[in-house]
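# Analysis of the macromolecular model
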Amino acid sequence: MIITLPPPTPPLSPYLEVMGDSSSSSSAAANASSSSSSASASYIHKVQHLIEKCLIFHLSKEECMEALSKHADIKPVITSTVWNELEKENKEFFEAYYTTQAQTKDDRLSEAETNELIQKMITESSSKDHQESSKDSADSSKDPADT
């Protein structure tokens, strides 16, 4: 007698974190999931913001992936995925961007100038994120009766 096992199912935890586990019976688990998905959304928003800065500097997708990997410790696969989603949502913009990029290739900044600008941009973004998180934690520690 031969027993055939069904194919293994993928673990649900990554899907639940992204979708928000509303079926969880434990409020602690729901809070952890909500916190995790909020952190994921915040991270993706940060990557999107940095990609938009790369677009301002007329970087190609590959240059942006390399720059964010080197200067912001963002994995190239993450940058590529977010970039691809931005392309899907903004087809007309990227068509014009690629056309303009091909036409202005000679007018672009040197690699050293680009690296310097990216490092400055990431430093400013990190300090802004830190200020916002400090403000959020200060706001949440205020006594509601004081407001």
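Below is a short write-up of the structure. What you see is a predicted model; the values in this text were computed from it and never measured.

Here we come to the pattern of salt bridges. Between side chains of opposite charge, pairing is possible as soon as their charged atoms come close. Scanning the entire structure with this criterion turns up one salt bridge. Taking the shortest distance from any N to any O, the salt bridge between Glu 85 and Lys 88 comes out at 3.1 Å. Of this pair, Glu 85 and Lys 88 both sit in helix α4 (residues 76-89), three residues apart, which is roughly one turn of the helix. When its relative accessible area of 38% is taken as the criterion, Glu 85 is described as partly exposed.

So, on to the packing of aromatic side chains. Inspection of the entire model under this criterion finds six aromatic pairs. With centroids separated by 5.7 Å and ring planes inclined at 55 degrees, the aromatic side chains of Trp 83 and Phe 94 adopt a geometry described as tilted. Here Trp 83 is found in helix α4, whereas its partner Phe 94 is found in helix α5 (residues 91-103), with 11 residues between them in sequence. Just as Trp 83 is buried, Phe 94 falls in that class too. On the basis of an interplanar angle of 45 degrees and a centroid distance of 5.9 Å, the ring pair of Phe 94 and Tyr 98 is categorised as tilted. You can see Phe 94 and its partner Tyr 98 sitting in helix α5, four residues apart, about one turn around the helix.

Our focus in this paragraph is the nonpolar core. Ranked by size, the top nonpolar core spans 19 residues in total, and within it Leu 50, Ile 51 and Leu 68 carry the most contacts. Contributions of two or more residues to this core are made by α2 (27-56), α3 (61-72), α4, α5 and α6 (111-141). In terms of residues, this core owes the most to one element, α2, which gives five residues. When neighbours within four sequence positions are excluded, Ile 51 is seen to be in contact with Cys 64, Leu 68, Thr 79, Val 82, Trp 83 and Leu 86.

Procedures and definitions
- Residues numbered from 1 in each chain as written.
- Predicted model: local features only at pLDDT ≥ 70, side-chain atom pairs only at ≥ 80, totals over all residues.
- Heavy atoms only, no water.
- Salt bridge = Lys/Arg side-chain N within 4 Å of Asp/Glu carboxyl O.
- Helix = DSSP H or I, 4+ residues; strand = E, 2+ residues; numbered from the N terminus.
- Buried < 20%, exposed > 50% of the residue type's maximum accessible area, 1.4 Å probe, protein only.
- Phe/Tyr/Trp six-rings, centres within 6.5 Å; stacked < 30°, edge-to-face > 60°.
- Core = buried A, V, L, I, M, F, W, Y, C linked by side-chain atoms within 4.5 Å.
- Contact = heavy atoms within 4.5 Å.

Just geometry here; none of it tells us what the structure is for.
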